[in-house]
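# Working through the structure, step by step
One-letter residues, chain by chain:
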Amino acid sequence: EIVDQILTIQRDTGLVVTNVVYMGQGEPLLNYDEVIKSIKMLNTDLEIGMRRITISTSGIIPQIYKLGDENRQLTLALSLHAPDHELRQQLIPIEKKYHIQDIIKSLHFLTEKTGRRVTIEYVLIDNINDTADHAKQVVSLLRGLNCNINLIPYNSLNDKKYKSPSANKIDDFKSILEKTGKKVTVRLERGADIMAA
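Described in the following lines is the structure provided in the data block. (Residues numbered from 1 in each chain as written. Predicted model: local features only at pLDDT ≥ 70, side-chain atom pairs only at ≥ 80, totals over all residues. Heavy atoms only, no water.)

## Things to note about the environment of Ile120
Its place among the elements puts Ile120 in strand E4 (residues 118–124). Judged by its relative accessible area of 0%, Ile120 is buried. When the C-alpha atoms of Ile120 and His81 are compared, they prove to be 8.7 Å apart, with 39 residues separating the residues in sequence. (Helix = DSSP H or I, 4+ residues; strand = E, 2+ residues; numbered from the N terminus. Buried < 20%, exposed > 50% of the residue type's maximum accessible area, 1.4 Å probe, protein only.)

What follows is the structure, encoded as structure tokens:
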């Protein structure tokens with residue numbers, strides 16, 4: 001079914017898929033065997049390079065170690081969204097099972113085994129996880145980790161509870177992270193005009 005999605009896109013658009021991200025359809029690492037099987041098919045049969053395949057995870061520690069042991073040259077992206085255990089528990093319930101400090105240890109193992117950078121995804125939510133102190137905590141948490149950081153302004157749409165930080169706050173957060181020498185990008189929002197961002 002996973003591979004069929006790629007084949008369907010190629011058939012319906014007439015385009016060749018060259019990059020694949022496992023994201024948004026449940027936690028990929030909780031479907032580990034099928035995800036790995038599909039990656040092998042994409043790589044071997046559809047000739048999509050391993051380095052063009054990304055698995056996004058909320059941090060399933062045993063499978064991150066397993067992925068490291070398999071030494072695959074794909075990219076792993078961690079949905080971090082908070083710099084400490086307490087706040088992350090509020091935003092990401094799986095944090096109750098897998099502590100952020102232990103997740104970061106597993107990422108160090110993975111990067112040392114594969115030589116590949118991981119990507120850290122961080123959704124910025126106004127007055128929740130976007131202060132200078134939060135940024136400094138992220139710097140401390142990720143110290144020594146071979147990674148890129150992708151900042152994603154929260155997509156408010158009609159949400160009354162949460163909203164995106166101002167452009168200045170986003171820039172300030174980014175600037176603090178960049179001082180570590182890591183590559184930091186801010187994701188561009190697309191589709192907000194049709195409530196599809």
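Don't stop here, the text continues.
## Overview of the sheet that holds strand E1 (residues 20–22)
Strand order in the open sheet made by the six strands is E1-E2-E3-E4-E5-E6, with parallel pairing throughout. The outermost strands of the open sheet, each flanked by one partner alone, are E1 and strand E6 (184–186). Taking the axes of each pair of neighbouring strands and ignoring which way they run, one obtains an average angle of 20 degrees across the sheet. By the bridge criterion, three bridges tie strand E5 (residues 147–153) to E6 in an arrangement that is parallel. Bridged to Ile149 within E6 is Val184. Strands in contact with helix H2 (residues 32–44) are E1 and strand E2 (53–57); relative to E1, the strand with the most contacts, it is inclined by about 180 degrees. (Pairing = 2+ DSSP bridges. Axes fitted to C-alpha atoms, helices over the stretch in contact; angles between N-to-C directions. Contact = heavy atoms within 4.5 Å.)

## Some points on the pairing of E4
Taken across its seven residues, E4 has seven buried, putting it largely inside the fold. Residues Val118, Ile120, Tyr122 and Leu124 of E4 are buried on one face, and the alternating residues Thr119, Glu121 and Val123, pointing to the opposite face, are buried as well. Examined bridge by bridge, strand E3 (residues 75–79) and E4 share three bridges and lie parallel to one another. Residue pairing across strands places Ala77 opposite Thr119, the latter belonging to E4. Here E4 pairs with E5 via seven bridges, running parallel. Bridge assignment links Thr119 to a residue of E5, and that residue is Asn148. Handedness of the E4-helix H6 (residues 132–141)-E5 crossover: right-handed. (Right-handed = clockwise from strand over helix to strand, strands pointing away.)

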